[in-house]
Each structure stands twice: as structure tokens, then as C-alpha cells.
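Here are the chains, one letter per residue:
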Amino acid sequence: MNENVLDQSQIVSAGSASTKEEAIREAGAILLGVGAVTDGYLAFMLEREAMTSTYMGNLLAIPHGTNEGKDTILRSALSFVRYAAPIDWDGNEVRFVVGIAGKEGGHMEILSKIAIIFSDEDEVKKLLDADSAATMLELLGDVNE
Amino acid sequence: MTTTSTTQTGEVNAQPGWRVGVQRFGAFLSGMIMPNISAFIAWGLITAFFIPTGWTPNESLAELVGPMIIFLLPLLIANTAGRMVYGTRGGVVASIGTMGVIVGTDIPMFIGAMIVGPLAAYLIKQVDKIWAGKIKPGFEMLVDNFAAGILGMLVALGAFFGIAPAVTALSNAIGAAVDFLVTAGLLPLASLLIEPGKVLFLNNAINQGILTPLGVQESTEFGKSILFLLEANPGPGLGLLAAFMFFGTGIAKASAPGAIIIQFLGGIHEIYFPYVLMKPILIAAMIGGGMTGIAINVAFGSGLRAPASPGSIFAVLINTPTDSYVGVVLSVIGAASVSFIIAAIILRASRKRDLELLESGSDGLVAGAAKMNDLKGKESSVTSTLFAGAGTTQTKISNIVFACDAGMGSSAMGASVLRNKLTKAGVEGVTVTNMSIANLDGTEDLIITHADLTERARQKNGRAAHISVDNFMSSPKYDEVVSLVTEQQL
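Conventions used here
- Residues numbered from 1 in each chain as written.
- Chains lettered and ligands numbered in written order.
- Predicted model: local features only at pLDDT ≥ 70, side-chain atom pairs only at ≥ 80, totals over all residues.
- Helix = DSSP H or I, 4+ residues; strand = E, 2+ residues; numbered from the N terminus.
- Buried ≥ 20, exposed ≤ 12 C-beta atoms within 10 Å, placed from the backbone.
- Contact = placed C-beta atoms within 7 Å.
- Pairing = 2+ DSSP bridges.
- Axes fitted to C-alpha atoms, helices over the stretch in contact; angles between N-to-C directions.
- Expected span 1.5 Å × (residues − 1).
- Core = buried A, V, L, I, M, F, W, Y, C linked by C-beta atoms within 7 Å.
- Domains from an automatic or database assignment.
- Parallel < 35°, antiparallel > 145°, perpendicular 65-115°, else oblique.
- Nonpolar A, V, L, I, M, F, W, Y, C, P; charged D, E, K, R; others polar.
- Left-handed = near helix turned anticlockwise from the far one by under 90°.

*Asks:* Give me the overall build of chain A: which residues, what numbers.
*Replies:* Scanning chain A from N- to C-terminus turns up 5 helices and 5 strands. When the elements of chain A are put in sequence order from the N terminus, they spell out β-α-α-β-β-β-β-α-α-α. For chain A, with 145 residues in total, the buried portion stands at 52%. Long-range pairs, those at least 24 residues apart, make up 70% of the contacts in chain A with a sequence separation of at least 6.

*Asks:* Quick one: what's the story with the sheet that holds strand E2 (residues 431-436) of chain B, residue by residue and with numbers?
*Replies:* All names here are of chain B. Spatial ordering of the open sheet is given by E2-E1-E3-E4, a layout of 4 strands whose pairing is parallel. Two strands in the sheet have a free side with no partner beyond their single neighbour: E2 and strand E4 (465-469). Pairs of neighbouring strands in the sheet enclose a mean axial angle of 25°, with direction left out of account. One ladder, built from 6 bridges, connects strand E1 (residues 399-404) with E2; its direction is parallel. Paired with phenylalanine 402 across the strands is asparagine 434, a residue of E2. Strand contacts of helix H16 (residues 410-424): E1, E2 and strand E3 (446-450), with the helix running at about 175° to E2, the strand carrying the most contacts.

*Asks:* Can you explain helix H5 (residues 110-131) of chain B? Please cite residues and give values.
*Replies:* Helix length check: H5(B), at 22 residues, gives a terminal C-alpha distance of 33 Å against a target of 32 Å (1.5 Å per residue), a fit within 8%. Note on H5(B): the residue one or two positions beyond its end, B:Gly133, has a positive phi of about 75°.

*Asks:* Outline the nonpolar core, supporting the account with residue identities and numerical values.
*Replies:* Burial of nonpolar side chains together is a common tendency in soluble globular proteins. Ranked by internal contacts, the top residues of the largest apolar core, which has 108 residues, are B:Ile77, B:Val116, B:Leu240, B:Leu241 and B:Val276. Ranked by the residues each element gives to this core, the list is headed by helix H4 (residues 65-104) of chain B, at 17 residues. Mapping this core onto the domain boundaries places at least three of its residues in each of domain 1 (60-184) and domain 2 (187-369) of chain B. Counting 79 residues, the second largest nonpolar core, distinct from the first, contains A:Leu78, A:Val98, B:Ala457 and B:Leu484.

*Asks:* Tell me about the sheet that holds strand E5 (residues 92-101) of chain A, residues and numbers included.
*Replies:* Residues and elements named next belong to chain A. What the 5 strands build is an open sheet, ordered E1-E4-E5-E3-E2; its pairing is mixed. In the strand order of this sheet, the two ends are held by strand E1 (11-12) and strand E2 (55-57), each with one partner. Here 9 bridges tie strand E4 (residues 77-89) to E5, and the two strands are oriented antiparallel to one another. When the bridges of E5 are listed, aspartate 88 appears paired with glutamate 93.

*Asks:* Can you tell me about the interface of chain A and chain B, naming the residues and giving the values?
*Replies:* Put simply, an interface is often sized by how much accessible area is lost when its parts join up. At the junction of the two partners, chain A supplies 28 residues and chain B supplies 20 residues. The set of elements that each furnish at least two residues to the side of chain A that touches chain B consists of E2 and helix H3 (108-118) of chain A. Among the elements that take part in the side of chain A that touches chain B, H3(A) stands out by supplying 8 residues, more than any other.

*Asks:* Can you lay out the packing of H4(B) against H5(B) for me, pointing to particular residues and giving the numbers?
*Replies:* Residue and element names in this part refer to chain B. At a minimum axis distance of 8 Å, the contact between H4 and H5 shows a crossing angle of 130°. When the axis of H4 is compared with that of H5, the two are oblique. Grouping the constituent residues of the contact of H4 with H5 by class yields 18 nonpolar, 7 polar and 2 charged.

*Asks:* Describe the packing of helix H6 (residues 140-183) of chain B against helix H7 (residues 191-222) of chain B, listing the residues and the values that go with them.
*Replies:* All names here are of chain B. Packing of H6 against H7 leaves a shortest axis separation of 9 Å and a crossing angle of 60°. As judged from the angle between their axes, H6 and H7 are oblique. Helix-helix and strand crossings are classified by hand; for H6 and H7 the assignment is right-handed. Residues Ser171, Ile174, Gly175, Ala177, Val178, Asp179 and Val182 of H6 form the contact with H7, whose participating residues are Leu193, Ile194, Gly197, Leu202, Ala205, Ile206, Gly209, Ile210 and Leu214. In terms of residue class, the contact of H6 with H7 is made up of 11 nonpolar, 4 polar and 1 charged.

*Asks:* Tell me what's going on with helix H3 (residues 37-50) of chain B, and back it up with residues and numbers.
*Replies:* Residues and elements named next belong to chain B. For H3, which comprises 14 residues, the first-to-last C-alpha distance of 20 Å matches the rise-based estimate of 20 Å (1.5 Å per residue) to within 8%. Every buried residue belonging to H3 is among Ile37, Phe40, Trp43, Gly44, Ile46, Thr47 and Ala48, and all of these are buried. Those residues of H3 that are buried lie in contact with H4, helix H10 (250-265) and helix H11 (273-277).

These results come straight from atomic positions and should not be treated as a statement about function.
Take a look at the structure:
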């Protein structure tokens, strides 16, 4: 693939959203901005969130579209936004929001790396303490490989 | 894997290794045949009705008969076997490979399917391992599809050149040996070859290729020939199926009465072959029955005027000359009785184990290969006790599935985390996958879902153990699963 699934430009170290819906919009806007999805995708992300929370645990939420919305995905990409203040995600604290656009499973490997990183609380702590998007990308490891 | 889970009986550990091996092999055979029994029944009915000598001959519909037994049935068996070894992907490669043996010969290739199917699936499983996790994202599908396609082609070629001629040679050898025994006058001994040959679907090769020509010769000379009865006597099959009807388990038991009609009245002997194939020791019953039938006919000097085709009781009686009625009827009854008694003893002896098998869900619809590896020491009501205490579990967990609504996000992440933990714990032989709840197919041993979705998952697979988690990233339940699985590996 000629474009990385997660580029540094898709990582935001200090997101501006303060509610769940704003955070989903912020995540979706990044995906739209890099041309990974059409502007129809956001509606599917919100719809998916309404079905079941995408809160994963360990301060992480992973908003993504529904199966029906997959035509609005142009290529696999992720967005990664960190928030200084916890966002209330259906009663859970969320500091990291990973927006997912998955096409033909191309995002799975990266997603699984992110999952493994987030399952380790020490790694989560490091991500919280990271001083820049570049450091965060480094911590996430060579996710694009 | 020869490890067994801790069981309360201790019986498992006392069994010698070879016996466990034989049981597993038997379970594997049964697993690849049994789910397809309905296809055999459909084929048997079509054949009994529509072939020229059938109940309601119909030339056009009779054209179903050939392709179904040449292609459909072997491919179904190959696919089922492949799935048991390596899921859907294994099934696909197994089917491709089996085409090689099918096209390579003229005889129905059941034995070929039963060899090539599992082998092909095993090969693709090994090949996949070579580059598992090393492919750049986005290329997995390309590599996967071409790997399976190319391997399938190679297996088909190998089977065409290797296995098909071997099976043909086997068929010819059996034919030649039968020919020898007949010529030497050692007729009852012919059953030793005819019966195994039959259940490998070499029945037509033996009957029409060897026995019928010789029989016709004899018949023109003496007005009758015993050779027409060597293979076509419906007695042994009747006895076997009747034994299943009374002492069998599960689908085999339930389908036996219908199979009797197709076999005994319809003359389609093929219908009972799967029952023998899934428990090969039953061949002893068939041989015993066959020998008895032949011996009786020899004693009474009875035979048929012409080939009984198909080998139904009606075709047999129609072709029986008046001086042979007693002998022929007795030979059918005698053969059926002997095969019934032997089969009944065998089925009785293994009944308890078969029932356990049945309860653990290995009968019927495709049971996973993983489960096949672990047939013993299983109890049916395992789920509720699963996490009561790690040591008390009876089910060996080898197929863990994370399920979520779409199967693209949270379940994938949960599966990654657990897989990572299992790898770190040095656990092998346990697969962790993710899918949408809609795709659960009943072969899962343990299903992990978000608390909101557990009920839905339970409806799809009530047999598996279910775990609900709220936190996919670091649920304490993961560690319980890891320690449980680790313990089971010991």
C-alpha cells in the first residue's frame, strides 16, 4: 500500500472534543481529511455507537462504522486522538479515541497491535505521558509495517 | 496432541495410547462421513427410483445418479474432512485436490476423497504457517487466495498422477484376487475381499467387472450361477443396518430404518457403506454375513439366472430359479442374521463411548477438528461449571472466539489481546479468532462477548462456554482463561 494506515498526521496529542459525540466527529474528520472515507462515513460511526458502545477499556474507545456503511470507506486508515481531560463514554473514562476505517481487513493487523499495547497498563501510561504526536507514534511501534 | 484435560473419572489416562489413537481415527472417519449421510440418502432414493431397473424408471432423472456419486458425494466428504482439519479454507483446498483423484479414474473415489481431503487441508494449514503474520497488511487476501489456489492445483495434480492410479490398481488387485478365489472354488473366502471392496465403492467394479461376466458364462451353461449372489446378496447390509437401528446412536440410528428400505428393497447397497466407513471394524460383520450367505448357497447349490441389478430382494427373487428358492432365501436370512449379530456386538461394545461422543456434539453437523482431537472425558453440561474452579473443567478449550456485532472492531482487539497473552504463556494448539455473532457456527468451545451481547451469542451456540467482559483491553477474565487453558495443556 502506498499510504500508511496510521500516519503521524493522523495522530493528535491534544484533542479538542469534550463529549463523546464531539470525539467521534473529531476522529471521523481526520479519516475524512486523509481521504480514507467519504463524508457519509461519520453518520455510520454515530449509528454504530448508538447500537453498542465502542468503549474498549483502559481509557480507549474505538468508534467505527457499521457493516452497512462499508461502501463509504475508501481505504483502511486509523485516527488516534488523545484527550487531556477524560471524556465520558457511556459512563467510562476515555482518554484515547481511535477512529477506524477498515477496508478488506487491511486495518486488522494494526488494530491488533494497538489492542496489545492498550492491554498493557504500563504502555497506556507511557502514551498518556508522551509529549508529542511523534512520540506517540513511536510508542505505538512500527504499526504500519 | 495427546494431552487430556483433568477428568473426574481418570479413565482416560488409563487408556493406552494406541487405543486413543484408534478412537480418534474412528471419530475422524465418522466426522467426515456422518454429516453427509443425507446426501447418500438422497442419492440412494434417486437411484432406487429412477434407474432403468428402479421403481419408476426415468431416463432423464437417472442422469443425476452418475454425477452425484462420482462428484458430489466424494467432494462433500472431502470438504467436510478438510473443514475438520482446517476450517472453510481447508475444505476448499480439500475439494480442489480431490478433483484430481475423481478425474483420474472411472470408479467412485471415496477412498481417494478420504485420503486426499484431510491431506490437502493439512498441507494448506502448514503452508499458511510459513508466512503467517509476515505479510504486509492489504496483501493477505491476495497471498491467501493464491496460496490456496496454487496448492489446490498441485494437490489435484499429485492426486491425479499418484493416488488415482494407486486406487485403480487396488481395485484391479481386488478384482484379480476375487477372480482367483472364484476360479479356485474358494467362494466363501471371496467375501474377505468383496466386502471391504464394496464399502470402498468398488462394488460395481467387482460385480459388473468380474462376477457378472463369469456368472453369465456359468448361467448359460447350468441355468444359474452363484456368482450373481456374491456381491448382490442384500442380506449382510440388512443385518448391519438393523443392528444400527437397535444399537446405534444419533443420526446413524435414526437414519438406519430409511436406509434399510433403500438398501434392502431398493437394492442400493451404497447406502450402508458410510455406516461401515465411520466404524471400520464393522467390516467384520459384513464379511461374516457375506461368507454365511455364500456358504449357504454353496451348500444348497443355489444361484440366480441373471444378475440381480440392483441388488434388492425383489431383483434377487425375480431371478431365482424355482429349484434355488430355499437356498437363496436362506442365504439372505442367514447373511442378515450373522451380520446383525456381529454388528450388534460391536455397536453394543462401543455404545457408551458413542453416546458420549454424541453428547459432546461430535455427531452430526461438522464438528471441529480440534474437538475431534479431544473426544474423551467430555461431559455435556460443561458450561455452567467452567469458571467455578479451574481444575474442575471437563471441556478442553481449543477454539476460542471473540464475537461482536460486526466482527471488525472490538472483537478483533479482544482476540489480539488474549492471543498475545496465550502466546506469552506458551500455550499452543488453541486458536483465538474473532467474528460477528451472526457467524458463530456451533463449533466454538469458548465464546467471549461484550456483556450486552452475551445473550445473543448464547442463542447461537448454547454448547460453548460463554464469558462476558466489560473491558476488552484488560479483563481479569483473560487471565482466568489463560490459566485455565494452561492447566489443560499439562
